[in-house]
There are 2 protein chains.
Amino acid sequence: MSDHDQAPPAEDAARTEHPQEEAPAPQGPSALEAEELEDRWRRALADLDNLRKRYARDRPRELEAERARATAAWLPVVDNLELALAHADADPETIVRGVQAVRDQALDVLRSLGYPRHDETGVPFDPVLHEVVSVVEDPDAAPGTVVQVLRPGYGDPDRQLRPAAVAVSRKQE
Amino acid sequence: MSDHDQAPPAEDAARTEHPQEEAPAPQGPSALEAEELEDRWRRALADLDNLRKRYARDRPRELEAERARATAAWLPVVDNLELALAHADADPETIVRGVQAVRDQALDVLRSLGYPRHDETGVPFDPVLHEVVSVVEDPDAAPGTVVQVLRPGYGDPDRQLRPAAVAVSRKQE
């Protein structure tokens, strides 16, 4: 809101080269008002220009910062993946447990970034949350029910990162 | 640039309630000019207001889109991590190879997001790229050389996600 404090635009600078003192011709209230209004108008234009420039300058920085923030959240996952591999000479059970912990950590990261995992079965098919990859006969399931999740989905209905790839039971004809 | 096409602000709307036709008092060129200038001024203010509102509205959306883009890049890594775990009953060598492939994929993702890995040894210590966690005696290394990387760094000097945690050779007194 402090745009008025910024340097005046080039037009203003040019105009002040002809100060009022050099033109002492009689001026009515209207002329004075016009001068004041022109000043305000030019100042508003300068503010508009400054605002556009400021946003154009700040936008890439803000996007970069957001990308860095989201990416930095994954570094512990990568670190632990490497830690699990550093113990690759341990018994297989230890390796698998280590990698499972990394997987859980990755899901925590996704949740913390705003994209919780969705892999529920037995729920009604929802075109926002699910992508149907196969339709199956399933006498035990109500028609149009998610009976298998082939690839989990991430995100909420209003902020979807990826829908779950699912198999649904055939609808009744 | 089409801000002028938008609806006039409240002030303009109020002013048009007193159209010029109802006030046919004689007006000099200055008064007309003043009216035109006031109109321009108010329009510039309205543009300024609209621009502020537009950016305030767009900014969260753009940041959200950037976060989603950066996060979506990690989904294949998570998928493959789960695939490696799904074959947890395979021989240990297969598991390790699978997890190594996931690790390589994670490093590719970091690189594609603009944060390449840095774990070079034998390079001079650089306070921008390195964080010293220990200083060691190393007769084979020139003083102030990175002799060990304890945790890799990610990013470029001008876009650092995390500096590498390193051990450096002691400087000569």
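Data block above holds the structure.
Residues numbered from 1 in each chain as written. Chains lettered and ligands numbered in written order. Predicted model: local features only at pLDDT ≥ 70, side-chain atom pairs only at ≥ 80, totals over all residues. Heavy atoms only, no water.

> Can you lay out the overall build of chain A for me, pointing to particular residues and giving the numbers?
Looking only at helices and strands, chain A has 4 helices and 6 strands in total. When the elements of chain A are put in sequence order from the N terminus, they spell out α-α-α-α-β-β-β-β-β-β. Split into buried and exposed, the 173 residues of chain A put 35% on the buried side. Pairs at least 24 residues apart make up 61% of the contacts formed inside chain A by residues separated by at least 6 positions. Surface summary for chain A: the accessible area is close to 10300 Å², and the carbon and sulfur share equals 52%. (Helix = DSSP H or I, 4+ residues; strand = E, 2+ residues; numbered from the N terminus. Buried < 20%, exposed > 50% of the residue type's maximum accessible area, 1.4 Å probe, protein only. Contact = heavy atoms within 4.5 Å. Areas by Shrake-Rupley, 256 points an atom, 1.4 Å probe, with all protein chains shown as cover.)

> Describe the packing of helix H4 (residues 92-112) of chain A against helix H3 (residues 75-86) of chain B, with residues and values.
Relative orientation of the contacting elements H4 of chain A and H3 of chain B amounts to 150 degrees, with a least axis distance of 10 Å. The angle between the axes of H4 of chain A and H3 of chain B places the two elements in the roughly antiparallel class. Considering only the axes of H4 of chain A and H3 of chain B, their crossing is left-handed. The segment H4 of chain A lies against H3 of chain B, with Val96, Val99, Gln100, Val102, Arg103, Ala106, Leu107 and Leu110 of chain A engaging Leu75, Val78, Leu81, Glu82 and Leu85 of chain B. A breakdown of the residues in the contact of H4 of chain A with H3 of chain B according to their chemical character gives 10 nonpolar, 1 polar and 2 charged. (Axes fitted to C-alpha atoms, helices over the stretch in contact; angles between N-to-C directions. Parallel < 35°, antiparallel > 145°, perpendicular 65-115°, else oblique. Left-handed = near helix turned anticlockwise from the far one by under 90°. Nonpolar A, V, L, I, M, F, W, Y, C, P; charged D, E, K, R; others polar.)

> So, the pattern of salt bridges: which residues are in play, and what are the values?
This structure, assessed with the given rule, holds 36 salt bridges over all chains. Note that Arg57 of chain A and Asp58 of chain A form a salt bridge whose closest N and O atoms lie 3.9 Å from each other. Its salt-bridge partner being Arg170 of chain B, residue Glu137 of chain B comes within 2.5 Å of it at the nearest N-O pair. Of the two residues, Glu137 of chain B sits in the loop between strand E2 (130-136) and strand E3 (146-151) while Arg170 of chain B sits in the segment after strand E6 (164-169), which places them 33 residues apart along the sequence. Owing to a relative accessible area of 59%, Glu137 of chain B belongs among the exposed residues under this scheme. Since its relative accessible area comes to 40%, Arg170 of chain B is described here as partly exposed. Through salt bridges with shared partners, a single ionic network connects Glu64 and Arg67 of chain A together with Glu66, Arg69 and Arg159 of chain B. (Salt bridge = Lys/Arg side-chain N within 4 Å of Asp/Glu carboxyl O.)

> How would you sum up the nonpolar core? Please name residues and give values.
Nonpolar side chains in soluble globular proteins generally cluster together in the buried interior. Ranked by size, the top nonpolar core spans 42 residues in total, and within it Trp74, Leu110 and Tyr154 of chain A together with Trp74, Leu110 and Tyr154 of chain B carry the most contacts. Not counting chain neighbours up to four residues away, the residues in contact with Leu110 of chain B comprise Thr71, Leu75 and Val78 of chain A together with Trp74, Tyr115, Pro116, Tyr154 and Leu161 of chain B. Counting 8 residues, the second largest nonpolar core, distinct from the first, contains Ala34 and Leu37 of chain A together with Trp41 and Ala44 of chain B. (Core = buried A, V, L, I, M, F, W, Y, C linked by side-chain atoms within 4.5 Å.)

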